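Analysis of the macromolecular model
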Amino acid sequence: MSGSILVVGGGFSGVTAAVEAAEMGYDVYIVEKESYLGGRVAQLNKYFPKLCPPTCGLEINFRRIKTNPKITFYTMAEVESVSGGPGNFSVQVKVNPRYTTPQCNNCVPGAEAVTTEVPNEFNFGMDMRKPLYMPNPMAFPNQCVLDASAVSSGDGQKIKAAMPPGHIDLDQKPEILNLNVGAIIMATGWNPYDATKIDNLCFGKYENIVTNMMVERMASPSGPTGGKIVRPSDKEEPKTVGFVQCAGSRDENHLRYCSYICCMATLKQTLYLREQSEDVEVYIFYIDIRSPGERYEKFYKKVKEDPKVHLIKGKVAEVRGGSSPGGVVLVAEDIIGGGKIEKEVDLAVLATGMQPTGATIQIPGIEYNSDGFVVPKEGIIPCGCAKRPIDVVSSAQSATAAALKAVQTLVRRAG
Ligand SMILES: Cc1cc2nc3c(=O)[nH]c(=O)nc-3n(C[C@H](O)[C@H](O)[C@H](O)COP(=O)(O)OP(=O)(O)OC[C@H]3O[C@@H](n4cnc5c(N)ncnc54)[C@H](O)[C@@H]3O)c2cc1C
């Protein structure tokens, strides 16, 4: 029997579950596939309920991890298999090399030594990065990463020579760890639904159609446009913006469920746009606005009162190029006003939903439902968006509950 807990996924949910379980006195391992902890929240500009930057919630948790010897975390790590049962799981984990050492936290000399650039995945490819990079400005751990492709291309040697001795280690190899744990908390979160799959919304066909997560990155001071929401075609601030709600969500052909956050994300992003420009007009095409709870409803009402914000009840059925350079026309049935509405905007934003990562990558030994959400079992406890699409506050609550359930498994099995 093992007295340890494994948390798979180091986003807000995973980090919360780990800290809660460790502070109850249990040994916890976090296995995170990216090179940093924080998950999708790290990519947001500001987040509800307080509309503070991601640092405000994440850094407190990072500090709790740093100071708690009961937590061991692995980044760039993936669970390869799970066997056994409650109280006694055997888990195989692969930790991929970072090719840097812990003191490597300033990439500049190495990055400047090579000309190679690759699309920056943290910013959804809206800018480029060098093969030696810091994953994001608040990265935890604060350690650079060197792409495996650079190691094999020869850029690795140039980067190593430009960096202080001991910062780059080109000989690192993947490591296999075998963990014995009593319970597993699945906090593997979500990915943005792939907008290219929604044919009628033409993402990728017209340059000035972006997704809501791209807007989060543009709005962020550390993002690809230094905090400005612009049209990709000419980098100008848009004067008219159209939001397409339920882009993929509540649709039998894509995500069958409501993604919970998209209405609130759009209202938040409307605020970003209105703070950016006094003149911008925002058009929100929706099926119905979902703003659960008193706080969110209040926020909705506030945004709705703005005369520059136009809410149109109607699902966008068609998108086509407009008459102005770079313009995009959104076509919908106006349920309240009546008739067909065709609105040309400078920038269209697809409010794409949250799809569980289990829809694309599944861990052998873990059960998923047909949408990709983790199915709970004794000793295997999903939380956050691995369980259902929810906001950060609800993710933290479900993570705390998952920590308690994991501890109960250990106590029950030990007894
Ligand atoms: C446009 C938009 C705006 C939003 N704005 C807000 C907001 O203002 N306020 C709010 O409350 N919520 C907001 N949300 C929702 C918020 O992002 C989620 O509630 C939150 O990310 C859930 O955290 P999580 O830890 O469950 O998942 P994630 O943030 O997705 O974290 C999951 C982690 O698990 C890792 N992982 C995945 N698979 C594996 C694997 N197999 N092995 C190891 N690691 C793995 C991932 O790399 C990631 O680090 C927004 C969502 C969208 C789409």
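The shown structure was predicted, so the numbers you read here are calculated from the model rather than taken from an experiment. (Residues numbered from 1 in each chain as written. Predicted model: local features only at pLDDT ≥ 70, side-chain atom pairs only at ≥ 80, totals over all residues.)

**Brief notes about the overall build of the protein**
The secondary structure content of the protein amounts to 9 helices and 22 strands. For 415 residues, the compact-globule estimate of 2.2 N^0.38 gives 22 Å, and the protein sits close to it at 23 Å. With respect to the principal axes defined by its C-alpha atoms, the protein has extents near 65 × 55 × 35 Å. Buried positions account for 46% of the 415 residues belonging to the protein. (Helix = DSSP H or I, 4+ residues; strand = E, 2+ residues; numbered from the N terminus. Rg over C-alpha atoms; globule rule 2.2 N^0.38 Å. Buried ≥ 20, exposed ≤ 12 C-beta atoms within 10 Å, placed from the backbone.)

**As for the pairing of strand S20 (residues 347–352)**
Taken across its 6 residues, S20 has 6 buried, putting it largely inside the fold. Residues Leu 347, Val 349 and Ala 351 point to one face of S20 and Ala 348, Leu 350 and Thr 352 to the other, with burial holding for every one of them. When strand S13 (residues 209–211) meets S20, the two strands line up parallel, connected through 3 bridges. From the neighbouring strand, Val 210 faces S20, where its bridge partner is Val 349. (Pairing = 2+ DSSP bridges.)

**Examining the domain arrangement of the protein**
Along its sequence, the protein is carved into domain 1 (4–96 + 174–191 + 355–414), domain 2 (108–162) and domain 3 (194–352). Computed over C-alpha atoms, the centres of domain 2 and domain 3 are 33 Å apart. Across the boundary between the two partners, domain 2 contributes 5 residues, which contact 6 residues of domain 3. Classifying every residue of the side of domain 2 that touches domain 3 gives 3 nonpolar, 1 polar and 1 charged. (Domains from an automatic or database assignment. Contact = placed C-beta atoms within 7 Å. Nonpolar A, V, L, I, M, F, W, Y, C, P; charged D, E, K, R; others polar.)

**A word on the nonpolar core**
Core analysis: the biggest nonpolar cluster contains 115 residues, and Val 7, Ile 185 and Val 244 have the highest contact counts within it. Excluding residues within four positions of it along the chain, Val 244 makes contact with Leu 201, Phe 285, Val 316, Leu 330, Ala 348, Val 349, Leu 350 and Ala 351. (Core = buried A, V, L, I, M, F, W, Y, C linked by C-beta atoms within 7 Å.)

**Focus: the site of the ligand**
Taken together, the neighbourhood of the ligand is formed by 40 residues, with Gly 9, Gly 11, Gly 39, Gly 189 and Gly 384 sitting nearest. Only helix H1 (12–23), strand S4 (77–85), helix H6 (212–219), helix H7 (262–276) and helix H9 (392–414) provide two or more residues apiece to the shell around the ligand. A breakdown of the residues in the shell around the ligand according to their chemical character gives 20 nonpolar, 12 polar and 8 charged. Built from parts of two domains, the shell around the ligand gets at least three residues from each of domain 1 (4–96 + 174–191 + 355–414) and domain 3 (194–352). (Near = placed C-beta within 6 Å.)

**Regarding H7**
A rise of 1.5 Å per residue sets the reference length of H7, with its 15 residues, at 21 Å; its end C-alpha atoms lie 21 Å apart and thus fit the reference within 8%. Where the residues of H7 are buried, they touch H6, strand S14 (240–247), strand S15 (281–286), helix H8 (293–305), strand S16 (309–313) and S20. (Expected span 1.5 Å × (residues − 1).)

**Here's the deal with the sheet that holds S4**
The sheet built from 3 strands is open, its strands ordered S4-S5-S10 with antiparallel pairing. Edge positions in the sheet fall to S4 and strand S10 (175–181), since each of these pairs with one other strand and no more. For this sheet the average axis-to-axis angle between neighbouring strands, irrespective of direction, equals 20°. As defined by bridge partners, strand S5 (residues 88–95) adjoins S10 across 7 bridges and the pair is classed as antiparallel. Bridging across to S10, Val 95 finds its partner in Glu 175. (Axes fitted to C-alpha atoms, helices over the stretch in contact; angles between N-to-C directions.)

**Side note on helix H2 (residues 55–66)**
An α-helix turns once per 3.6 residues; consequently, residues spaced three or four apart project the same way. When the terminal C-alpha atoms of H2 are compared, their 15 Å separation across 12 residues agrees well with the 16 Å that a helix rising 1.5 Å per residue should span. Of the residues making up H2, those classed as buried are Gly 57, Leu 58, Asn 61, Phe 62 and Ile 65. Considered in projection along H2, the buried side chains sweep an arc of 125° and stay on one side of the axis. In H2, the exposed positions that point more than 90 degrees away from the buried face belong to Cys 56, Ile 60, Arg 63 and Lys 66. Looking at the buried residues of H2, the elements they touch are H1, strand S3 (71–74) and H9. (Arc of directions from axis to C-beta.)

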